[in-house]
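# Reading the structure
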Amino acid sequence: MKVLLKQTVGIDVAQNELVVSLGRMDEQINVEVYAYKVFPNTKKGFSSLVLWVNKQTSTTTEVRYVMEATGVYHESLAYYLCSIKKQVSIVLPNKISNFARTLDIKTITDKSASQAISRFGLERQLEVWQPPLKIFNDLRQLCREREQLTQERTMLKNQLHAERTSATSS
(Lines give C-alpha, C1' and ligand atoms only; values in the text may rest on other atoms or scores of the structure.)
Protein backbone atom coordinates (compact mmCIF):
# COMPACT_ATOMS: atom_id res chain seq x y z
CA MET A 1 0.00 0.00 0.00
CA LYS A 2 1.33 3.41 -0.97
CA VAL A 3 1.77 6.06 1.69
CA LEU A 4 -0.73 8.92 1.41
CA LEU A 5 0.67 12.45 1.56
CA LYS A 6 -2.60 14.38 1.31
CA GLN A 7 -6.34 13.84 1.32
CA THR A 8 -8.85 16.50 0.31
CA VAL A 9 -12.58 16.94 0.20
CA GLY A 10 -13.47 19.30 -2.67
CA ILE A 11 -16.84 20.91 -2.01
CA ASP A 12 -18.83 22.90 -4.56
CA VAL A 13 -21.24 24.78 -2.32
CA ALA A 14 -24.64 25.93 -3.56
CA GLN A 15 -27.63 27.35 -1.71
CA ASN A 16 -29.33 23.97 -1.24
CA GLU A 17 -26.64 21.35 -1.81
CA LEU A 18 -23.02 20.40 -1.34
CA VAL A 19 -21.43 18.58 -4.28
CA VAL A 20 -18.44 16.69 -2.90
CA SER A 21 -15.44 14.90 -4.43
CA LEU A 22 -12.67 13.14 -2.52
CA GLY A 23 -9.06 13.22 -3.64
CA ARG A 24 -5.76 11.83 -2.48
CA MET A 25 -2.07 12.14 -3.32
CA ASP A 26 0.40 9.34 -2.65
CA GLU A 27 4.15 9.34 -2.11
CA GLN A 28 4.75 9.09 -5.88
CA ILE A 29 2.77 12.36 -6.31
CA ASN A 30 -0.02 10.48 -8.07
CA VAL A 31 -3.25 12.43 -7.76
CA GLU A 32 -6.56 10.59 -7.74
CA VAL A 33 -10.11 11.91 -7.38
CA TYR A 34 -11.95 8.77 -6.39
CA ALA A 35 -15.38 9.41 -4.84
CA TYR A 36 -18.34 11.71 -5.41
CA LYS A 37 -21.57 12.42 -3.55
CA VAL A 38 -24.18 15.16 -3.05
CA PHE A 39 -25.44 16.30 0.37
CA PRO A 40 -28.03 18.88 1.43
CA ASN A 41 -26.62 22.21 2.62
CA THR A 42 -28.07 21.73 6.13
CA LYS A 43 -26.74 20.73 9.57
CA LYS A 44 -27.95 17.18 8.95
CA GLY A 45 -26.20 17.20 5.57
CA PHE A 46 -22.99 18.42 7.23
CA SER A 47 -22.94 15.51 9.67
CA SER A 48 -23.76 13.04 6.87
CA LEU A 49 -20.88 14.50 4.86
CA VAL A 50 -18.39 14.06 7.70
CA LEU A 51 -19.54 10.47 8.35
CA TRP A 52 -19.21 9.63 4.65
CA VAL A 53 -15.74 11.23 4.45
CA ASN A 54 -14.60 9.31 7.55
CA LYS A 55 -15.67 6.02 5.91
CA GLN A 56 -14.01 6.82 2.58
CA THR A 57 -10.64 8.16 3.78
CA SER A 58 -7.59 6.82 5.56
CA THR A 59 -7.21 7.63 9.25
CA THR A 60 -3.41 7.87 8.96
CA THR A 61 -3.42 11.11 6.94
CA GLU A 62 -5.33 14.25 7.86
CA VAL A 63 -8.18 15.30 5.58
CA ARG A 64 -8.50 18.91 4.37
CA TYR A 65 -11.94 20.26 3.43
CA VAL A 66 -11.58 22.75 0.56
CA MET A 67 -14.40 24.98 -0.69
CA GLU A 68 -14.99 28.13 -2.70
CA ALA A 69 -16.08 31.34 -1.04
CA THR A 70 -19.64 31.45 -2.40
CA GLY A 71 -21.34 34.49 -0.93
CA VAL A 72 -22.74 33.31 2.40
CA TYR A 73 -23.68 29.75 1.40
CA HIS A 74 -20.34 28.23 2.45
CA GLU A 75 -20.17 29.88 5.87
CA SER A 76 -22.39 27.51 7.88
CA LEU A 77 -20.42 24.49 6.65
CA ALA A 78 -17.08 26.16 7.37
CA TYR A 79 -18.12 27.04 10.93
CA TYR A 80 -19.50 23.54 11.47
CA LEU A 81 -16.29 21.85 10.29
CA CYS A 82 -14.15 24.14 12.46
CA SER A 83 -16.34 23.40 15.48
CA ILE A 84 -15.54 19.68 15.12
CA LYS A 85 -11.81 20.39 14.61
CA LYS A 86 -11.54 19.67 10.88
CA GLN A 87 -9.03 21.44 8.64
CA VAL A 88 -10.82 23.87 6.33
CA SER A 89 -9.52 26.00 3.47
CA ILE A 90 -11.68 28.57 1.70
CA VAL A 91 -10.49 29.63 -1.74
CA LEU A 92 -11.52 32.58 -3.91
CA PRO A 93 -13.68 31.48 -6.87
CA ASN A 94 -11.39 33.08 -9.48
CA LYS A 95 -8.47 30.92 -8.29
CA ILE A 96 -10.54 27.77 -8.75
CA SER A 97 -11.87 28.81 -12.17
CA ASN A 98 -8.36 29.69 -13.39
CA PHE A 99 -7.07 26.36 -12.08
CA ALA A 100 -9.97 24.50 -13.75
CA ARG A 101 -8.98 26.01 -17.11
CA THR A 102 -5.57 24.32 -16.78
CA LEU A 103 -7.29 20.94 -16.39
CA ASP A 104 -8.80 21.19 -19.88
CA ILE A 105 -12.34 20.59 -18.63
CA LYS A 106 -14.74 21.13 -21.54
CA THR A 107 -17.97 21.63 -19.58
CA ILE A 108 -18.11 22.85 -16.00
CA THR A 109 -20.71 20.99 -13.95
CA ASP A 110 -21.13 20.85 -10.18
CA LYS A 111 -19.35 17.49 -10.20
CA SER A 112 -16.41 18.69 -12.31
CA ALA A 113 -16.16 21.83 -10.14
CA SER A 114 -15.94 19.74 -6.96
CA GLN A 115 -13.30 17.54 -8.62
CA ALA A 116 -11.30 20.62 -9.61
CA ILE A 117 -11.55 21.98 -6.05
CA SER A 118 -10.32 18.64 -4.69
CA ARG A 119 -7.36 18.61 -7.11
CA PHE A 120 -6.61 22.25 -6.27
CA GLY A 121 -6.39 21.30 -2.59
CA LEU A 122 -4.02 18.44 -3.39
CA GLU A 123 -1.73 20.43 -5.67
CA ARG A 124 -1.53 23.68 -3.67
CA GLN A 125 -0.31 24.62 -0.23
CA LEU A 126 -3.42 26.19 1.28
CA GLU A 127 -3.88 28.17 4.47
CA VAL A 128 -6.09 26.74 7.18
CA TRP A 129 -9.18 28.91 7.58
CA GLN A 130 -9.97 30.28 11.01
CA PRO A 131 -13.37 31.78 11.86
CA PRO A 132 -13.14 35.57 12.12
CA LEU A 133 -13.70 37.30 15.43
CA LYS A 134 -17.27 38.42 16.12
CA ILE A 135 -16.32 42.08 15.74
CA PHE A 136 -15.26 41.48 12.12
CA ASN A 137 -18.58 39.80 11.33
CA ASP A 138 -20.40 42.75 12.94
CA LEU A 139 -18.33 45.23 10.92
CA ARG A 140 -19.00 43.32 7.69
CA GLN A 141 -22.74 43.39 8.37
CA LEU A 142 -22.66 47.12 9.14
CA CYS A 143 -20.73 47.79 5.93
CA ARG A 144 -23.29 45.80 3.91
CA GLU A 145 -26.15 47.76 5.50
CA ARG A 146 -24.39 51.08 4.83
CA GLU A 147 -23.78 50.11 1.19
CA GLN A 148 -27.45 49.21 0.77
CA LEU A 149 -28.58 52.52 2.32
CA THR A 150 -26.18 54.45 0.08
CA GLN A 151 -27.57 52.70 -3.02
CA GLU A 152 -31.16 53.41 -1.94
CA ARG A 153 -30.31 57.08 -1.29
CA THR A 154 -28.77 57.40 -4.76
CA MET A 155 -31.82 55.77 -6.35
CA LEU A 156 -34.17 58.16 -4.51
CA LYS A 157 -32.05 61.20 -5.44
CA ASN A 158 -32.19 60.14 -9.09
CA GLN A 159 -35.96 59.71 -8.91
CA LEU A 160 -36.35 63.12 -7.27
CA HIS A 161 -34.13 64.75 -9.89
CA ALA A 162 -36.11 63.10 -12.70
CA GLU A 163 -39.36 64.26 -11.13
CA ARG A 164 -38.16 67.83 -10.73
CA THR A 165 -36.74 68.14 -14.24
CA SER A 166 -39.59 66.37 -16.01
CA ALA A 167 -41.46 68.45 -18.58
CA THR A 168 -44.74 67.50 -16.93
CA SER A 169 -43.74 68.20 -13.32
CA SER A 170 -45.73 70.89 -11.55
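Residues numbered from 1 in each chain as written. Predicted model: local features only at pLDDT ≥ 70, side-chain atom pairs only at ≥ 80, totals over all residues. Heavy atoms only, no water.

## Side note on the packing of helix H3 (residues 93-102) against helix H4 (residues 110-123)
Here H3 crosses H4 at 95 degrees, and the two axes come no closer than 10 Å. The angle between H3 and H4 falls in the class roughly perpendicular. Facing Lys95, Ile96, Phe99 and Ala100 of H3, the residues of H4 in contact are Ala116, Ile117, Arg119, Phe120 and Glu123. Among the residues making up the contact of H3 with H4, the classes are represented as 6 nonpolar, no polar and 3 charged. (Axes fitted to C-alpha atoms, helices over the stretch in contact; angles between N-to-C directions. Helix = DSSP H or I, 4+ residues; strand = E, 2+ residues; numbered from the N terminus. Parallel < 35°, antiparallel > 145°, perpendicular 65-115°, else oblique. Contact = heavy atoms within 4.5 Å. Nonpolar A, V, L, I, M, F, W, Y, C, P; charged D, E, K, R; others polar.)

## A short note on the pairing of strand S1 (residues 4-13)
Counting buried positions along S1 yields 8 of 10 residues, so the element is predominantly enclosed. Here S1 runs beside strand S2 (residues 17-26); their pairing, made up of 9 bridges, is antiparallel. By the bridge assignment for S2, glycine 10 is matched with serine 21. Linking S1 back to S2 in an antiparallel pair, the connection comprises 3 residues. Examined bridge by bridge, S1 and strand S4 (residues 63-68) share 5 bridges and lie parallel to one another. Bridge pairing links valine 9 to tyrosine 65 in S4. (Buried < 20%, exposed > 50% of the residue type's maximum accessible area, 1.4 Å probe, protein only. Pairing = 2+ DSSP bridges.)

## Structural notes on the side chain of arginine 64
Following the sequence through the fold, arginine 64 ends up in strand S4. The side chain of arginine 64 is buried and forms no salt bridge, while glutamate 62, the nearest opposite charge, is found at 6.9 Å. A polar atom in the side chain of arginine 64 sits 2.7 Å from the side chain of glutamine 87. Look past the residues within four positions of arginine 64 in its chain and what remains in contact with it is Gln7, Thr8, Val9, Gln87, Val88, Ser89, Leu126, Glu127 and Val128. (Lys, Arg positive; Asp, Glu negative; His and termini not counted. Salt bridge = Lys/Arg side-chain N within 4 Å of Asp/Glu carboxyl O. Polar contact = N/O pair within 3.5 Å; in protein donor to acceptor, adjacent residues only side chain to side chain.)

## With respect to the sheet that holds S4
Backbone hydrogen bonds hold the strands of a sheet together, and the pairing may be parallel or antiparallel. Strand order across the open sheet formed by 5 strands is S3-S2-S1-S4-S5, with mixed pairing between neighbours. Looking at strand neighbours, the two that pair on one side only are strand S3 (31-40) and strand S5 (87-91), the edges of this open sheet. Pairwise comparison of adjacent strand axes, ignoring direction, gives a mean angle of 25 degrees for this sheet. Relative to S5, S4 runs parallel, the two being bridged by 5 bridges. By the bridge assignment for S5, tyrosine 65 is matched with valine 88.

## Quick word on the pattern of salt bridges
Counted under the stated rule, the structure contains 5 salt bridges. Put simply, arginine 24 and glutamate 32 hold a salt bridge, and the shortest N to O gap is 2.9 Å. Between aspartate 138 and lysine 134 there is a salt bridge, and its shortest N-O distance comes to 2.9 Å. One end of the pair, aspartate 138, and the other, lysine 134, are both in helix H5 (residues 134-165), 4 residues apart, so they sit about a helical turn from each other. In this structure aspartate 138 comes out as partly exposed when scored by relative accessible area, which is 35%.

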